[in-house]
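Descriptive structure summary
Take a look at the letters that make up each chain.
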Amino acid sequence: MIIDMTGLHNMLNEMKITFVYSGPLWSEGIGGLSETLKERLDLEKIPLNVSQEILSVYIEQLNNMLMYSEEKEKLNITDDGHAGYPKGTFILGKEGNTFFMQTGNIMKSENVEMIKNKIDYLNTLDKKELRSFYKEQLHSGNNNIGSKGAGLGLIEMARRISSKIKYSFTPCGDDLSFFALYTAIDGGSNELCS
């Protein structure tokens, strides 16, 4: 299949999309992708504080996909019979002076309610309350058996973004759902994607 690259290129430019990754994820790979994104932000002369916020949220979003993605891709990285690497998609773009990051991955539907409740609760807290809640969760440990983490990543995201976390869950068969997560960070007056 041949993809219309001109059309894709024009669509990405029109939508102000500057960084896209879709594929397998593994711990070491996240570091490499982070370096690529950091270089992109440096080349665009994004202010350091904004760049750090974007990178922090980016890493948390990728880690979330790493933990919860049910879609797997087999790679020839090792011969140890590894079942496959979690897959996901990440997009960075800009609307006006706001950077947006959107991720998407397939997850078990049984985790939807837990994640939805966490995000809904975080969206009720202001920055001061988020800071206190983060410290509380950091010291309390993880008491939720269904969670693969203490939810610190979602709290960290909520602390750094400029608006509430937006999300959607779309059932996609076999007790699976597609999870889309949208976050935004105020970028000031810098002009990435001009």
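Figured I'd write up the structure that's included with this text. (Residues numbered from 1 in each chain as written. Predicted model: local features only at pLDDT ≥ 70, side-chain atom pairs only at ≥ 80, totals over all residues. Heavy atoms only, no water.)

Section: the pattern of salt bridges
For clarity, the cut-off: Definition used for salt bridges: Asp or Glu carboxyl oxygen within 4 Å of a side-chain nitrogen of Lys or Arg. Numbering of helices and strands starts at the N terminus; helices are DSSP runs of H or I of at least 4 residues and strands are runs of E of at least 2. Burial status follows relative accessibility: with a 1.4 Å probe on protein chains alone, a residue under 20% of its type maximum counts as buried, one over 50% as exposed, and anything between as partly exposed.
Taken as a whole and assessed by the stated rule, the structure comprises 8 salt bridges. In this structure, the salt-bridge partner of aspartate 42 is lysine 38, at a minimum N-O distance of 3.0 Å. Remark: lysine 38 and aspartate 42 occur in helix α2 (residues 27-43); sequence separation between them is 4 residues, near one turn of the helix. Overall, the relative accessible area of 37% leaves aspartate 42 in the partly exposed class. Take lysine 38: its relative accessible area is 34%, and that puts it in the partly exposed class. Among the ionic pairs, glutamate 71 bridges to lysine 87, the shortest N-O distance being 3.8 Å. Note that glutamate 71 is positioned in the loop between α3 (48-68) and β2 (72-73) and lysine 87 in strand β3 (residues 85-95), a separation of 16 residues in sequence. Given a relative accessible area of 33%, glutamate 71 falls into the partly exposed group. Accessibility expressed as a relative area gives 22% for lysine 87, which makes it partly exposed. In the salt-bridge network here, residues are joined through shared partners; they are Glu53, Glu156, Arg159 and Arg160.

Considering the nonpolar core
This is how it is decided: Think of a nonpolar core as a cluster: buried Ala, Val, Leu, Ile, Met, Phe, Trp, Tyr and Cys residues, connected wherever their side-chain atoms sit within 4.5 Å. Contacts between residues were defined by any pair of non-hydrogen atoms, one from each residue, lying within 4.5 Å.
In terms of nonpolar packing, the biggest core is built from 39 residues, with Ile54 and Leu92 touching the most fellow members. If we skip the residues at most four places from it in the chain, leucine 92 touches Lys16, Ile17, Thr18, Phe19, Leu37, Leu41, Ile54, Phe99, Phe100 and Met101.

Considering unusual backbone geometry
Phi is positive for lysine 16, close to 60°, though the residue is something other than glycine. Along the chain, the position of lysine 16 falls in the loop between α1 (5-14) and β1 (17-24). For aspartate 175, which is not a glycine, the phi torsion comes out positive at approximately 60°. Tracing the chain through its elements places aspartate 175 in the loop between β5 (166-171) and β6 (176-186). Residue classification places aspartate 175 among the exposed positions, given a relative accessible area of 66%.

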